[in-house]
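Chain residues, written in single-letter form:
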Amino acid sequence: MSIRRAIILLTVLLLISAACDNNMDGIDSYPMELTPISESELGQRTAEFRELSDGQICTGLNRYGYTADQGECHRAEGADSSITLDEAIAILRSELPKYHEFTNLQSEGDIHIRDYSGRADVPDSEWKFQLGRQIVNGIPIRFTRIDIWLSAEGIYRIDGHWYPNVVVPDRFAVNRSQARNSVVGHTFKYRDWTGGAAFNIGPDDLPPPDSLETVVFPHRVGDTIQLRLTWRIPFGEEFTWLNLYVDTMDGQILDENMLVNF
């Protein structure tokens, strides 16, 4: 082989290697894993959280150090002043950002109200807001809804959190078509009004390819939470809610959920 051809070949190999490296962006840190913190660290974070709220928030932190409703709690006695919806939203937007270390909502811009309790035209003594789930690079993350309760005195209850430092890979080892075809033969076992039942997925049961969407799924492995990129495969008609979550990297079915239409 001539020196010129060797140089050309080496150049091509280097270009291919660089292209592969670019396609692997984010893979080294995927999946992001969340593990329980130590009891002493949790105690310290809880104390900081309580101090930040001046003892007004009655909910606590979960084993990972983030906001979670660990049990029933109520607003402080005597907090009976009624406020309007606009006043409640103003309190929500002004107070919630200070808890960013515990909710992972980094700014007021992350606060997207999905729903609220009560009537917009009637003042109330307490309001509950449901915030939209976390989205990273246009991809939603399951189980990241946050519920907030507040009164005229401020926020007194927070349930739910987002995840920090979420990495979403920029490629799939299992593409849309492969994920869709891989669930043929999978059997759902569920209970309906007749008792135990099963639904075996056949080729004719597969949903249209464009109905699949990517979703980050918090997958539990023991006490560890792995944030994995999945294909959500929805089924319908007989079932009002039937989803499979297939890992985009190894094709594993990570979860299934179903609500039977009685």
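Our subject is the structure listed above.
Description of the structure in this document.

Calculation notes
Residues numbered from 1 in each chain as written. Predicted model: local features only at pLDDT ≥ 70, side-chain atom pairs only at ≥ 80, totals over all residues. Heavy atoms only, no water. Helix = DSSP H or I, 4+ residues; strand = E, 2+ residues; numbered from the N terminus. Buried < 20%, exposed > 50% of the residue type's maximum accessible area, 1.4 Å probe, protein only. Contact = heavy atoms within 4.5 Å. Areas by Shrake-Rupley, 256 points an atom, 1.4 Å probe, with all protein chains shown as cover. Pairing = 2+ DSSP bridges. Axes fitted to C-alpha atoms, helices over the stretch in contact; angles between N-to-C directions.

### Observations regarding the overall build of the protein
Part 1 of the reasoning: Counting its secondary structure elements, the protein contains five helices and 15 strands.
Part 2 of the reasoning: The buried share among the 262 residues of the protein stands at 41%.
Part 3 of the reasoning: In the protein, the proportion of contacts linking residues at least 24 apart, taken out of those at least 6 apart, comes to 56%.
Part 4 of the reasoning: If you sum the accessible surface of the protein, you get close to 14700 Å²; carbon and sulfur atoms cover 49% of it.

### Overview of the sheet that holds strand E4 (residues 113-116)
Part 1 of the reasoning: Spatially, E4-E5-E8-E9 is the arrangement adopted by the four strands of the open sheet, whose pairing is antiparallel. The sheet terminates laterally at E4 and strand E9 (154-159), the two strands that pair on one side only. Between one strand axis and the next, the sheet turns through 25° on average, direction left out of account.
Part 2 of the reasoning: Looking at chain direction, strand E8 (residues 146-151) and E9 are connected through five bridges and run antiparallel. By the bridge assignment for E9, Ile148 is matched with Ile158.
Part 3 of the reasoning: The strands touched by helix H3 (residues 85-95) within the sheet are E4, strand E5 (126-131), E8 and E9, with E5 carrying the most contacts at an inclination of about 60°.

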